[in-house]
Structures are given as structure tokens and as C-alpha cells.
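Breakdown of the fold
Residue-level listing of the chains:
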Amino acid sequence: MKLRVAALGLAAVFAPALAQAPSGAPVQDWSNVETVVVTPGNGGPALWHVARNSAEVWILPTVSPVPKDMKWDSSQVAALLKGSSAMLLPPRAEVGIVEGLWFWTWHMDTLEQPDGTTLESTLPEPLRTRFIAARTRIGRDADRYSEFLGGVAALRLESDYWDFAQLTANGPQKTMESLASHEGVPTQTVAVYPAMGVVHDIPKMTPEAHRACLDFAINDVDTASTHAVAAANAWAVGDLAGVKAHYFETRLDDCLGQNAAYSVLRETANRDMAKAILAALNKPGKTFAVLPMGFFLRKGGVLERLEAAGLTVSGP
């Protein structure tokens, strides 16, 4: 369905805005909250732990995208997963089938350029040259993007780059879901939000905002080509310093942050994930939680919210 083009960026709904730092690390605004990081001796990813009375939650923050063929040692997390009452998964946004078909049939043209206008003809220099270079780099021609507004073309460009670079979203999370299924641990998505509000707001963005989206997408391609694999490799062995040196989040968040519905979704998701962990600590037993690294460790994220609730997040 062509509507999928408009929703490609919703996987990043819950990522705070990216700030390019002078040091070269894509992200600098990490939380100042000090915690003990549990780095498995067998080389698996770093974990965090929080307990209250007879309840405990193990937290596995993940990175994305990762190489499609990435291998990582999941034995430590599989062992901790045993006996868990549930695995909490981060909130997601989705477009319902009925409303998606309705929009595709009657309103898809609101995401497209006016008749007789192509995307590249609306771009000023040097943005047009940069965009042509970016799509050429991944083997895509102008027709793939020409009919769409800049914000929609930006989402498609990022998705196309991931395919070109053999990267995938949510690879570690999918592995964890498989492990949970094997252990008979039920998975629970913390919340599911309707995404059509975001889609409906895209045509309301100004031409300047759409051009900014395309510029952000081109920057994202450059950042991912330098940092994505390095961040994934560091995550896989619990190298938190390496993760912080290379972790990045799509700058399309800055783009869609101009979209009022999107901004509300992002804040709501951050709040709901913290509330789900707090709720799990109100009942005896063990719970496992999986969520994006930035969602957990960035300033204003889940870690700071747990600390603000009076909890100590630490190792065992």
C-alpha cells in the first residue's frame, strides 16, 4: 500500500531529537543519572536492573538499525528471561487497515506534489544536488520520489538506504520476542497509538518544513553510513562507551517534530514505558523490558523517570 510511505518514519516516533556534537559522536545529551551497568562476562549486551520489595525488572536497551546478518550472544538475556511473568515491549504507532484503505483511496493525493510538479523541481540548490547524489548512491532514480512531498520522500529515502546497506530495524527486539516465545513468556506491547493523526498532519507542513525533512534524511544517510554498524557491534558486546560514541537516532524526528500529532505521540510513549515498568514493580516476580537505548538513557527518558519515582536502577 502506498500509504506505507507516509508511515515509514513512525518507527522513530519514540526517539528524542538528534543533536550533532562537535566531538563527532552523533548524540551528546545522555542522562547524568549514574547507574551500575551489568556487563555480561560472556560478551553479551549491557543490562540494567531495578527492584522493589519482591518485584524486579531487567531492562535491555537496544540499538537500531543493525546489520541484517548481525550475530550476538543472547545466552545471558535468555537465562535472565527464564521465569519472567512478561516481556514489556516499547509502544508503537500503526495505521489501521480500514482507515488506511480509506485514506489511500480518497486522500493519498494530499501526500503528493501538485499535478505537473516533480519533487526535484521544487528543491533549491544545493539541496537538489545533495538529494540527487544520495539517491544515486543507493541506485534509485528520480521517479521513485518525484510524486511525493518532501517529507514523504525523506521517509522513503531513509528506508531505501537501510535496504541498500542491509540494515534492519528492531533486530535485537525481534530476537528477544523469539526467545520469549521459546520460554513461554508472554510479550506485552506497552501501548499502541493510532498513527493517522500524524499522516493527516503531513500535508499541513510548510514547503520549508518539507525541504528541511529532506535535508535531515540526507544527513541521516551520511550518519548511518559511518555509525550504524559500529553502534550495533558495540551494543552486542556490552561496550557502552562504544555505543555512546556511535549511537544515533534519525534526524527525521526534528522534521516530524514540526508535526503536532507526532510530538504528542513521542512524549506519550516515553511516559507510558516508564509507567509500565513502575506497574510491573507493584507485583511480585520478575519482568523483562526491551526498549530503544535512547528512549532509556537520553535526558528526560525512562531512566530519569524511574529515578524521579524514587527507584535505584542498578546491577544485581
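So, how was this worked out
- Residues numbered from 1 in each chain as written.
- Predicted model: local features only at pLDDT ≥ 70, side-chain atom pairs only at ≥ 80, totals over all residues.
- Heavy atoms only, no water.
- Axes fitted to C-alpha atoms, helices over the stretch in contact; angles between N-to-C directions.
- Helix = DSSP H or I, 4+ residues; strand = E, 2+ residues; numbered from the N terminus.
- Parallel < 35°, antiparallel > 145°, perpendicular 65-115°, else oblique.
- Left-handed = near helix turned anticlockwise from the far one by under 90°.
- Contact = heavy atoms within 4.5 Å.
- Nonpolar A, V, L, I, M, F, W, Y, C, P; charged D, E, K, R; others polar.
- Salt bridge = Lys/Arg side-chain N within 4 Å of Asp/Glu carboxyl O.

As a packed pair, helix α4 (residues 127-137) and helix α8 (residues 207-236) sit with axes 10 Å apart at the nearest point and diverge in direction by 45 degrees. Between α4 and α8, the interaxial angle falls into the category oblique. Handedness of the crossing formed by α4 with α8: left-handed. The residues of α8 that touch α4, namely those facing Leu127, Arg130, Phe131, Ala134 and Arg137, are Arg211, Leu214, Asp215, Ile218, Asn219, Val221, Asp222 and Ser225. Grouping the constituent residues of the contact of α4 with α8 by class yields six nonpolar, two polar and five charged.

The next thing to look at is the pattern of salt bridges. This structure, assessed with the given rule, holds 11 salt bridges. In this structure, the salt-bridge partner of Glu183 is Lys82, at a minimum N-O distance of 3.0 Å. You can see Glu183 sitting in helix α6 (residues 171-183) and its partner Lys82 sitting in the loop between α2 (75-81) and β4 (86-89), a full 101 residues away along the chain. Residue Glu249 pairs with Arg298 through a salt bridge whose shortest N-O separation is 2.2 Å. Here Glu249 is found in the loop between α9 (240-246) and α10 (252-256), whereas its partner Arg298 is found in the loop between α12 (293-297) and α13 (302-308), with 49 residues between them in sequence. Salt bridges here are not isolated pairs; linked through shared partners, they connect Asp29, Glu249 and Arg298.

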